[in-house]
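Here's the letter readout for the chains.
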Amino acid sequence: QRRLQESGPGLLKPSETLSLSCNVSGDPIATSAYYWGWVRQPPGKGLEWIGSIYYSGATFYNPSLRSRVTMAVDPSKTKFTLQLISVTAADTAVYYCARQVAWGGWFSAYFDPWGQGTLVSVSS
Amino acid sequence: QSVLTQPPSVSGAPGQRVTISCTGSSSNIGAGYDVHWYQQVPGTAPKVLITGITNRPSGVPDRFSGSKSGTSASLAISGLRAEDEAEYYCQSYDSRLYVVFGGGTKVTVL
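Residues numbered from 1 in each chain as written. Chains lettered and ligands numbered in written order. Predicted model: local features only at pLDDT ≥ 70, side-chain atom pairs only at ≥ 80, totals over all residues. Heavy atoms only, no water.

Some remarks on the interface of chain A and chain B
Accessible area lost upon the coming together of the parts serves often as the stated size of an interface. Contacts between the two partners involve 22 residues from chain A and, on the opposite side, 19 residues from chain B. The junction of chain A with chain B conceals about 1700 Å² of combined surface from both sides, 68% of it contributed by carbon and sulfur atoms. For the chain A face of the interface with chain B, the top three residues by lost area are L47, F107 and Y110 of chain A, together amounting to 32%. Connecting chain A to chain B are zero salt bridges. Taken together, the links from chain A to chain B amount to eight residue pairs in polar contact (both at pLDDT 80 or more). Elements represented by at least two residues in the side of chain A that touches chain B include exactly strand 4 (34-41), strand 6 (59-61), strand 9 (93-101) and strand 10 (110-114) of chain A. With four residues, the top contributor of residues to the side of chain A that touches chain B is strand 10 of chain A. Tallied by class, the residues present in the side of chain A that touches chain B amount to 13 nonpolar, six polar and three charged. (Contact = heavy atoms within 4.5 Å. Buried area = accessible area lost by both parts, 1.4 Å probe. Salt bridge = Lys/Arg side-chain N within 4 Å of Asp/Glu carboxyl O. Polar contact = N/O pair within 3.5 Å; in protein donor to acceptor, adjacent residues only side chain to side chain. Helix = DSSP H or I, 4+ residues; strand = E, 2+ residues; numbered from the N terminus. Nonpolar A, V, L, I, M, F, W, Y, C, P; charged D, E, K, R; others polar.)

What about the environment of L20 of chain A?
All names here are of chain A. Inspection of the secondary structure puts L20 in strand 3 (residues 18-25). The class of L20 is buried, set by a relative accessible area of 2%. Placed ten residues apart in sequence, L20 and G10 show a C-alpha to C-alpha distance of 9.6 Å. Once you skip the residues sitting within four places of it in the chain, L20 turns out to touch S7, G8, P9, W38, F80, T81, L82, Y95, T118 and V120. (Buried < 20%, exposed > 50% of the residue type's maximum accessible area, 1.4 Å probe, protein only.)

Remarks on the environment of T44 of chain B
Mapping T44 of chain B onto the fold places it in the loop between strand 3 (35-40) and strand 4 (47-50). Counting along the chain gives 28 residues from T44 of chain B to Q16 of chain B, while the straight-line C-alpha distance between them is 25 Å.

Regarding the sheet that holds strand 6 (residues 72-77) of chain B
Residue and element names in this part refer to chain B. Strands sit in the order 2-6-5 across an open sheet of three strands; the sheet is antiparallel. The outermost strands of the open sheet, each flanked by one partner alone, are strand 2 (18-23) and strand 5 (64-69). Each strand axis lies, on average, 20° off the axis of its neighbour in the sheet, ignoring direction. Summarising the sheet, strand 2 and strand 6 pair through six bridges and their orientation is antiparallel. Among the inter-strand pairings, V18 is bridged to a residue of strand 6, identified as I77. (Pairing = 2+ DSSP bridges. Axes fitted to C-alpha atoms, helices over the stretch in contact; angles between N-to-C directions.)

What to know about the packing of aromatic side chains
By the definition in use, this model includes 25 aromatic pairs over all chains. When the centroid spacing of 5.9 Å and the interplanar angle of 50° are considered together, the rings of W36 of chain A and F80 of chain A count as tilted. Separated by 44 residues along the polypeptide, W36 of chain A in strand 4 and F80 of chain A in strand 8 (residues 79-84) bring together distant segments of the chain. Considering the side-chain rings of F60 of chain A and Y98 of chain B, the 6.0 Å spacing of their centres and the 90° angle between planes classify their relative orientation as edge-to-face. (Phe/Tyr/Trp six-rings, centres within 6.5 Å; stacked < 30°, edge-to-face > 60°.)

Here it is, written out as structure tokens:
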């Protein structure tokens with residue numbers, strides 16, 4: 001069964017680095033029609049795309065976060081990761097990983113399925 | 001402020017039809033890029049509802065339909081039911097910003 005599961009620390013201090021993993025089961029990451037993305041949602045607010053990665057390692061980042069974000073595909077090709085440096089309280093959010101289905105190409109990709117999400121809080 | 005603009009809320013009585021607009025610009029919806037819609041029930045992850053403007057994935061009721069005109073897209077829910085109460089988001093591609101979401105619309109069933 002296709003499933004994505006986020007994991008990582010739930011509490012960080014300001015200036016620390018957020019590191020999350022997304023374990024993918026039921027689907028090979030190395031599939032030409034898929035990208036793999038991260039989306040976050042601050043409490044009570046809307047969705048914000050963080051970035052996406054292709055199995056080849058090609059990355060696409062939200063311009064507003066690009067200077068702080070790094071994504072990678074684990075060599076096992078069963079998970080992909082997110083790093084966000086120098087976090088502040090504004091980075092407090094539920095972080096979702098999701099598969100991006102891109103049968104029509106990168107420009108037409110949509111997110112399906114999503115992981116259940118993991119809450120990351122930044123507080124001193 | 002979101003690149004794609006949605007009304008904060010819409011409401012309707014059971015059985016009624018409601019529509020949610022998603023207004024973009026010439027760098028996203030107006031440029032011909034696909035629009036997708038997601039439903040998010042409180043406390044859960046978003047779920048895809050409509051892909052490629054009008055396509056319903058398997059399992060999505062045909063009460064949900066999508067359309068597009070110019071720089072805007074719309075999601076219509078006909079025969080509104082209590083279980084449709086949720087937050088709805090549109091998503092598209094932007095030539096400058098890559099992946100963009102609307103701010104979300106809360107649907108209330110009266």
